[in-house]
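Okay, here's what each chain looks like letter by letter:
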Amino acid sequence: MNLLVVLMAALLAGPQDGPKAKVSFVKDVVPILTKSGCANSNCHGSIRGQGGFKLSLFGYEPELDYEAITKSDNGRRIDRTNPQKSLILMKPTYQTQHGGGERFKIGTFEYNALLDWVRSGAPFDTAGSPRIRSLSVTPEQVTMTGVGSIRKLSAIATYSDGSKEDVSRKVQYSTQDETVVEVGPQGDIKALRPGETAIMVRTLGKAVAARIAVVERPAGSDYPSVPRNNYVDEHVFTKLRRLNIVPSDLTSDQEFLRRTYLDVIGLLPTAEESLDFFSSTDPNRRAKLIDQLLERPEYAEVWATRLSDLFRVGQLVSPKAARETYNWIRQSVRDDKPYNRFATELLTSSGGMVSNPTAEFYMITSKLEPAPIATNVSQTMLGVRLECSRCHNHPFEKWTQDDFWGFAAFFTRVKEKLGATQVVVSLKDNVELQHPVTKKVLQPKVLDGDVVTAGPDDDVREKLAAWITAERNPWFARNLVNRVWKHYMGRGIVEPVDDFRVTNPPSNPELLDALAADFVKHNYSLKHLSRKILNSRTYQLSSVPNDSNRQDNRNYSTYVVRRLMAETLLDAISQVAGVPEMYPGYKPGTRAMTVPSGAPNYFLATFGRLPRDTICERDDQPAMPQAMHLIAGETIQSKITAKNGTLERLLGDPYMTDEAIVRRLFMSALVRTPTEKEMALALEPIKGKGAEARKQGFEDLLWTLLNSKDFMFNH
Amino acid sequence: MERFDRRSFIKVGSLSLFGYLSFGDALALMAAAPAQSAPKRQVSVIHLWLSGGISQIDSFDPKPDADVKYRSQFKPIATNVDGIQICEHLPMLAKMADKYCVIRSMTHKIADHAQAMTYIMTGREPLPTIQVPAIASVISKELGSPNELPSAISIPTTTGPWEHAGFLGPRNNPFSAGNPNAEKYKVQDMELPMGVEWARMDRRRSLLNLVDDNFRRIDRSGISESMDAYYKTATDLMKSEPAKKAFKIEEEPEKLRDRYGRTGFGQGCLLARRLVESGVRFVTVTRGLTMWDHHASIFSLLKDDYLPDLDRSFSALLEDLGQRGLLESTLIIMTGEFGRTPEINAMAGRDHWPSVFSAVVAGAGVRGGQVWGSSDERAGFVKDNPVQIPDLLASVYKKLGIDYQKEYVSNIGRPIKLAANGRPLDFLF
């Protein structure tokens, strides 16, 4: 009886692949489900699916999706006898209860494709059918002129057999900033306001981004000619012109001096240094100052602190070990050690924490395991966040779980043990790492590259280090360059700085590429890179906006105002007040920038010195305890009233008039002169009053200067 | 008899909160009021954070019949609820078992302090890349504060980054209150420095306002306003005598301070009561520097110090809240980050043990007088009804009216559910 039914079905079915075979599960159904939002991470694409129905995230695994749709739950989602009643059609059109609401209407392109597919017997693609190899979008980058203007994006899929298909109707589009550009289901984009954003285009586990800029009018003949000092300016100003944004003016000497001192060496200029600079008539005085500052020991301390933040120095080791690592980093910066060598030394490190400070690189969790090490290495060395792909394929990026575990396999031999006096990082005998799901033994494999072979006694990390620091590695140089750029410029070209991915494009890829290439060409020198950036006009632009750049916070048309780092702030307060801070365990006069760990300090903790327990950037946001500490706390109060502090000295100096003291304090703290109003208000409680009132009046002024935004911020 | 209109009734009610009226007076006034009731108090949480990991078998989950290798040196005693027994060194709590629920089947798999603490506070193991906010910070963000006080406070301080706001930003970090058992206790930076009165501070701030004009020209991100807002919030707190009064533990009667116990934890519980009375939504109390991490000499430490301290403070808190009519609106949760090994080690101590541990929950409508879940014969593994931390977190959020399934976008863009897929526990309320 069954045989008869089968024969009948075969006769009635016509050609082998069904009556309307043109609808492909892989090339049509899966993309349409992604496009309709079904396979998003907050819905059926989530780890547990939704309502008992699980799809692969953004359609990266059509085989799983086919199982889920046609086989699981007794295949109840498909009704071959009555295709229109299939749940896969009823739910998204909201003809029956559906938590996801209506995703498309009956009779639309999406509906018809799914219906045709069910009618054709809901088949899977024949074995050997081509699969997607890559996705591209055109145009990749466009500047739209005029609010309301429209363009059309098109998406092309390239398949494994080399064929190409226009998939514009089938891909999922989403805009990163829906106030700048909106995108329709077919890739039509409309400019809503001047600005920039990216449109993400996704299907079958692939993602690409189109960069869109919107300007009101293109730059005309009235766009000024802006001088360019070096290639940094070339790239920055070219883009600004394209956006019809005029950069701000150049800083005054006063602004330049304060800013550069703070950014390069984390100190304010002394009165003598200021005088030197202002009285110079050398047209190259700025370049010369930059050269001098880069040779100061404090420059190395700033970068030792930044790199200690990056590599989380001090978190899980003794203060002694942390100091050793900090010192090692500082020495490396002083020597301008090539960064590729620096990174290699960290990656291939082992030994006791104190005697081998580079080994601290691995101490990022108390138990060394391949997975957290992999995440750490990827994020710090490459700027790539692999975390999500540890458990499932990455929702935003192309990394798969296999990619993650292949990378983790480089670290299977690394372990920690408790030595007599210190923790020791060592290499144990090789242990196999299994893929957590498939249980297959994993071989170390670089990202976007090949499996690396190594003998059982090899330290395969050496090969990893070679791959990471290779000139053609797309991430290593760009990652470091981007971070250095952020330190000086206030915002990364890729932001957040540790999130390099296709769907988070750099705001100026040509600039990033040029910086990276220059960095590599000059032997990965941090100093050369710093010098280039500091000498650009871009770095030296004023922070005062003009009408055309007021809204621009991405393209460096003005200097990005930022609060001083906690260490710099405390050092500056100590410097201006003439009273050093005391750190337990360190000799008097030590500055915050040289205290790597231990020595808990309320001010530093409150103002955002990193606890370094996770990889994170400093948070400069204001907070209650900061405000309270500034208003009422010991730090400022004790320093402004201290004996032998700056204030006492100035007040006791018979050659200093009150006006001169006011000017001196303004110059010391803010590197500027007081306005008439400021001078008047500062002197008001002092004029004609006694010594006590004078003292209090100047204490109040000093408190004010140290609390002022001009002081706390670099601008 | 005067008619009390609703407004003056509320005024009377709030006066009593700050101690201007004795509780008895307030009761009398409230009794005289018409039948309209005062607006229902919002629920606050007090987390008795026994950091270090309290030993379950030596406290709330005794196993007197276990082999001598495992069992406590202490005997169990009956409580005022039939069938429930707890350690003999918790006699005051034993008389109040009808007020709390003991959960004997808490379980997870993390034996490292920092990682387990993060798990308790967030429902997740720590990740190197995502800073998940702790429950106190979530509550601070979701519920804010009804007055000048911060909405989340830790006593004496937060114990580590696991208690912090992570990607919710430092403004949602719990505020550290300091050690209320200190002589002349005061909160850090809450009073103006010596020699500076408000008139002088106000003058400073007007000079500051002038000097900041220069910066406003270039401030495009609104940071000036943010900072000025914080100065205002800070000065409002510093100028608010009622808000600061919440911290004035010295105004409590000596006898009550004794009843809570003159220890950091004891006075911390008392301060916590004052704070929730004043509208603070989440208060964490710890012993400060000493922890329940008894790898050695566990029995003497517990008997001579830790258990009596806990017994006294926790029972005092329950009594005090009860007497003030605050128990209905205060949820108390007592946990450590794990339990301790059933097998006693060579130093007469016990080591870390996450497979089973105990927690105690009370107040805010929790069904007291019950034990939920059980462990095996040596308090080593769960026998019935395992309880997961995410479910406990979800229960708390639900009680406070927060959507426990809400998702935040983390600092790396990954969505994070508040209670990590936890579901509220039916047996609690």
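Position labels on residues start from 1 in each chain and follow its written sequence. A letter from A marks each chain and a number from 1 marks each ligand, given out in the order of writing. The predicted origin of the model limits local features to residues at a pLDDT of at least 70 and limits the giving and counting of side-chain atom pairs to 80 or more, whereas totals for whole chains, interfaces and linings rest on all residues. Think of the side-chain values as coming from all heavy atoms in the structure, minus any hydrogens and water.

## Considering helix 5 (residues 109-119) of chain A
Think of an α-helix as turning once every 3.6 residues; residues three or four places apart then point the same way. Where burial is concerned, most of helix 5 of chain A is hidden: 8 out of the 11 residues are buried. Against the buried residues of helix 5 of chain A lie helix 2 (25-35), helix 3 (62-75) and helix 4 (87-90) of chain A. Three exposure classes are used, based on accessible area relative to the maximum for each residue type with a 1.4 Å probe and protein chains only: buried under 20%, partly exposed in between, and exposed over 50%. Put simply, DSSP marks the helices as runs of H or I at least four residues long and the strands as runs of E at least two long, and each gets a number from the N terminus on. The contact definition used throughout considers only heavy atoms, calling two residues in contact when any of these lie within 4.5 Å.

## A short note on the nonpolar core
The definition of a nonpolar core used throughout is a set of buried Ala, Val, Leu, Ile, Met, Phe, Trp, Tyr and Cys residues joined through side-chain atoms within 4.5 Å. In this structure, Phe711 of chain A together with Leu48, Tyr100, Phe247 and Leu310 of chain B are the most contacted members of the largest nonpolar core, which totals 122 residues. Looking at this core element by element, the count peaks at 11 residues for helix 12 (residues 298-323) of chain B. Counting residues in each nonpolar core, the second largest holds 106 residues, with Ile265, Phe476, Met489 and Val520 of chain A among its members.

## Digging into helix 22 (residues 634-641) of chain A
Buried within helix 22 of chain A are the following residues: Thr635, Ile636, Gln637, Lys639 and Ile640 of chain A. Those residues of helix 22 of chain A that are buried are in contact with helix 19 (566-577), helix 20 (602-606), helix 21 (624-632), helix 23 (646-651) and helix 26 (691-707) of chain A together with helix 6 (198-211) of chain B.

## Some words on the sheet that holds strand 10 (residues 206-215) of chain A
All names here are of chain A. Two strands are counted as paired when DSSP detects at least two bridges linking them. Strand order in the open sheet made by the 4 strands is 2-10-9-6, with mixed pairing throughout. Across the chains shown, the open sheet's two edge strands, defined by having one partner strand only, are strand 2 (141-145) and strand 6 (172-175). On average, adjacent strands in this sheet sit at an angle of 25° to one another, irrespective of strand direction. Summarising the sheet, strand 2 and strand 10 pair through 5 bridges and their orientation is parallel. When the bridges of strand 10 are listed, threonine 143 appears paired with alanine 213. Every axis in this analysis is a line fitted to C-alpha atoms, fitted for helices over the stretch in contact. Angles between the N-to-C directions lie between 0 and 180 degrees.

## Looking at the interface of chain B and chain A
Each partner contributes to the interface: chain B provides 53 residues, whereas chain A provides 57 residues. Joining two parts hides part of their accessible area as seen by a 1.4 Å probe, and the buried area is that hidden amount summed over both. Around 5,200 Å² of area is buried between chain B and chain A when both sides are counted, 65% of it from carbon and sulfur atoms. Any carboxyl oxygen of Asp or Glu that lies within 4 Å of a side-chain nitrogen of Lys or Arg is treated as forming a salt bridge with it. The interface formed by chain B and chain A contains 5 salt bridges. Residue lysine 709 of chain A pairs with aspartate 212 of chain B through a salt bridge whose shortest N-O separation is 2.6 Å. Each polar contact in these results corresponds to two N or O atoms within 3.5 Å; when the atoms are within protein, one needs to be able to donate a hydrogen and the other to accept it, and residues that are neighboring in sequence are counted only if both atoms are side-chain atoms. For the pair chain B and chain A, the interface holds 9 residue pairs in polar contact (both at pLDDT 80 or more). Those elements that provide at least two residues to the side of chain B that touches chain A are helix 6, helix 7 (213-216) and helix 8 (223-239) of chain B. The residue classification treats Ala, Val, Leu, Ile, Met, Phe, Trp, Tyr, Cys and Pro as nonpolar and Asp, Glu, Lys and Arg as charged. All others, Gly included, are polar. For the side of chain B that touches chain A, the per-class residue count stands at 26 nonpolar, 14 polar and 13 charged.

## What to know about the pairing of strand 7 (residues 282-285) of chain B
Walk down a regular strand and you will see the side chains alternate between the two sheet faces. All names here are of chain B. Residues Phe282 and Thr284 point to one face of strand 7 and Val283 and Val285 to the other, with burial holding for every one of them. The pairing of strand 1 (residues 44-49) with strand 7 spans 4 bridges and is classified as parallel. The residue of strand 7 that forms the bridge with leucine 48 is valine 285. Examined bridge by bridge, strand 5 (residues 152-155) and strand 7 share 4 bridges and lie parallel to one another. Counterpart to serine 154 in the pairing with strand 7 is threonine 284.

## Brief notes about the packing of helix 16 (residues 476-489) of chain A against helix 17 (residues 509-521) of chain A
All names here are of chain A. Relative orientation of the contacting elements helix 16 and helix 17 amounts to 105°, with a least axis distance of 9 Å. Classed by the angle they form, the pair helix 16 and helix 17 counts as roughly perpendicular. Contact residues: helix 16 offers Ala477, Arg478, Leu480, Val481, Asn482 and Trp485, while helix 17 offers Leu511, Leu512, Asp513, Leu515, Ala516, Phe519 and Val520. The residue inventory of the contact of helix 16 with helix 17, partitioned by class, reads 10 nonpolar, 1 polar and 2 charged. Working definition: roughly parallel below 35 degrees, roughly antiparallel above 145 degrees, roughly perpendicular at 65 to 115 degrees, and oblique for all remaining angles.

## A look at the packing of helix 7 (residues 253-265) of chain A against helix 8 (residues 271-278) of chain A
Helix-helix packing is characterised by the crossing angle of the two axes and by the distance between the axes. Residues and elements named next belong to chain A. Remark: helix 7 packs on helix 8, axes separated minimally by 11 Å, with the N-to-C direction vectors making an angle of 135°. The angle between helix 7 and helix 8 places the two elements in the oblique class. When you trace helix 7 past helix 8, the crossing you get is right-handed. Taking contact as the criterion, the partners of Asp253, Gln254, Phe256, Leu257 and Tyr261 in helix 7 are, on helix 8, Glu273, Ser274, Phe277 and Phe278. Of the residues belonging to the contact of helix 7 with helix 8, the class tally is 5 nonpolar, 2 polar and 2 charged. Two helices cross in a left-handed way if the nearer one is turned anticlockwise from the farther one by less than a right angle. They cross in a right-handed way if the turn is clockwise.

## Let's talk about the sheet that holds strand 1 of chain B
Residues and elements named next belong to chain B. Strand order in the open sheet formed by 8 strands is 6-5-7-1-8-11-4-12, with mixed pairing between adjacent strands. Both edges of this open sheet fall to strand 6 (175-176) and strand 12 (370-372), since each of them pairs with a single strand only. Pairing analysis gives 3 bridges linking strand 8 (residues 330-335) to strand 11 (residues 357-362), with the strands arranged antiparallel. Directly across from isoleucine 332, in strand 11, lies its bridge partner alanine 362.

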